[in-house]
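Take a look at the letters that make up each chain.
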Amino acid sequence: MENEKAELQEALDFQVKSVEALPDFQDKTKFRKMNLDKSEVSMLMQSIVPAAATGLLSKAYYCRFPEGLPHTLMKFKTGGYGSAIMGKSGIIDQASYHRMVPVAAAMGIFTVMSAITGQYFLSEINSKLDKISQNVSDILAFLYGDKKAELISEISFVQYAQKCYASIIRHEVQQTATISGIQNARKVAMKDIEFYLNDLEAAVKDAAGKTTELSKKQKVSQIINSLELSLQLYIMCCILEPYYSGNFDHDYLDFMIEDTAEYVSKYRDKIRSCLGMMHGGVYQLTEEKTRSYDLRSRKAEIEKLLDSLPSGESAVRQQLEEALYAPFQETNIYLTDEGEAYYALT
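Computed from a predicted structure; not experimentally measured.

Participant: Break down the sheet that holds strand β4 (residues 81–87) for me, citing the residues and quoting the values.
Facilitator: Pairing is antiparallel in the open sheet, where 3 strands are placed in the order β3-β4-β5. Since the sheet does not close on itself, it has two edges, and those belong to β3 (73–75) and β5 (90–94), each with one partner. Looking at each pair of strands side by side, their axes are set apart by 65 degrees on average, direction ignored. The pairing of β3 with β4 spans 2 bridges and is classified as antiparallel. Counted as the bridge partner of L73 is I85 from β4.

Participant: With reference to specific residues and values, describe the environment of T29.
Facilitator: Take T29: it is sitting in the loop between α1 (2–12) and β1 (31–33). Overall, the relative accessible area of 58% leaves T29 in the exposed class. The spatial distance from the C-alpha of T29 to the C-alpha of L345 is 7.2 Å, given a sequence separation of 316 residues. Polar contacts involving the side chain of T29 include one to the side chain of D27, which spans 2.5 Å.

Participant: Run through the sheet that holds β1, naming residues and quoting values.
Facilitator: One open sheet holds the 3 strands; their spatial order is β1-β8-β7, and the pairing between them is antiparallel. Each of the sheet's edge strands pairs with one partner strand only, and the pair in question is β1 and β7 (333–335). Strand-to-strand twist of the sheet, defined as the mean angle between neighbouring strand axes without regard to direction, takes the value 30 degrees. Here β1 runs beside strand β8 (residues 341–344); their pairing, made up of 3 bridges, is antiparallel. Paired with K33 across the strands is Y342, a residue of β8.

Participant: Give me the lowdown on the packing of aromatic side chains, citing residues and values where you can.
Facilitator: Each aromatic ring pair is characterised by the separation of its centres together with the angle its planes make. Here the structure, examined in full by the defined rule, presents 13 aromatic pairs. Seen from their ring centres, F31 and Y334 are 5.5 Å apart, and the 85 degrees between their planes marks the pair as edge-to-face. Highlighted residues: F31 in strand β1 and Y334 in strand β7, separated in sequence by 303 residues. An aromatic cluster is built from Y165, Y243, Y244, F248, Y325 and F328, whose rings are joined through pairwise contacts. The positively charged end of K270 is found above the aromatic ring belonging to Y267, 4.8 Å away from the centroid.

Conventions we followed
- Residues numbered from 1 in each chain as written.
- Predicted model: local features only at pLDDT ≥ 70, side-chain atom pairs only at ≥ 80, totals over all residues.
- Heavy atoms only, no water.
- Pairing = 2+ DSSP bridges.
- Helix = DSSP H or I, 4+ residues; strand = E, 2+ residues; numbered from the N terminus.
- Axes fitted to C-alpha atoms, helices over the stretch in contact; angles between N-to-C directions.
- Buried < 20%, exposed > 50% of the residue type's maximum accessible area, 1.4 Å probe, protein only.
- Polar contact = N/O pair within 3.5 Å; in protein donor to acceptor, adjacent residues only side chain to side chain.
- Phe/Tyr/Trp six-rings, centres within 6.5 Å; stacked < 30°, edge-to-face > 60°.
- Lys NZ or Arg CZ within 6 Å of the ring centre and 35° of its normal.

Any functional reading would require information that these geometric values do not contain.
Here you go:
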């Protein structure tokens, strides 16, 4: 009996403990209610854990169907089902029965919990990416040009993949299709980063030593916002792919972190360099025309844009490490008698 319980807990790396004092689950700074069906929580509390403790699961079996056949068993008039698989003309094959070890029985409910905690991690990540977390109407306010429709399409898809993660991850066909969409969105992000950077470099070159640049200040802001949005789309895609694929191999994660951090910081440095050149040009003009309010205002505006840019490869790397290694953290989930589940935030 104890061996069965130990096998289940060791294989899934979890422990079940009773709680003497009921925590305050209404404290949203400490707990997040999990969107688990009450029947699923009930199954875990009343069936799987007690059954693992008493050894009942070693006497349970599950049915496996041959690939490509309809999942319809022979139904007996007296009740229950036989192993014969029924087709239009009668029996077409036999299903096989396999011993259900505790690990296999418990995996389903823990997969659901894992999906919901993953959803929480992704929500936290998304909230820190200020451009990509905006609603579509806010994004449309600064996007421009031929890339506008393409980029907003991929942003909408990635937002959908992030918000619906807990549901999609439980359906294999949809999960596979979503991974493909994420990989495509990352390619689009890379193309758009190049497009908007070329626009920024052209704007800086065109503005060199000209006061006419003052009339283009809105365009420069649009380019910077569009560039940062594209970079954040790229970051989010690089985070979503491991979550959807379930690939948390350390070598793979380390490669993704290093490669993404290097790529993003390289382009942010180019943006900073462009703004620096523009700032230098406006500064020189202010020296020549010290009383020009417009020039001083423009100079302050560029400085504000520079300050708003995230800086440093280490900062990007830290952000990615926190996102991709979050699933390795110890997770505490509280199950109540009312069939509710709460995720402990601290």
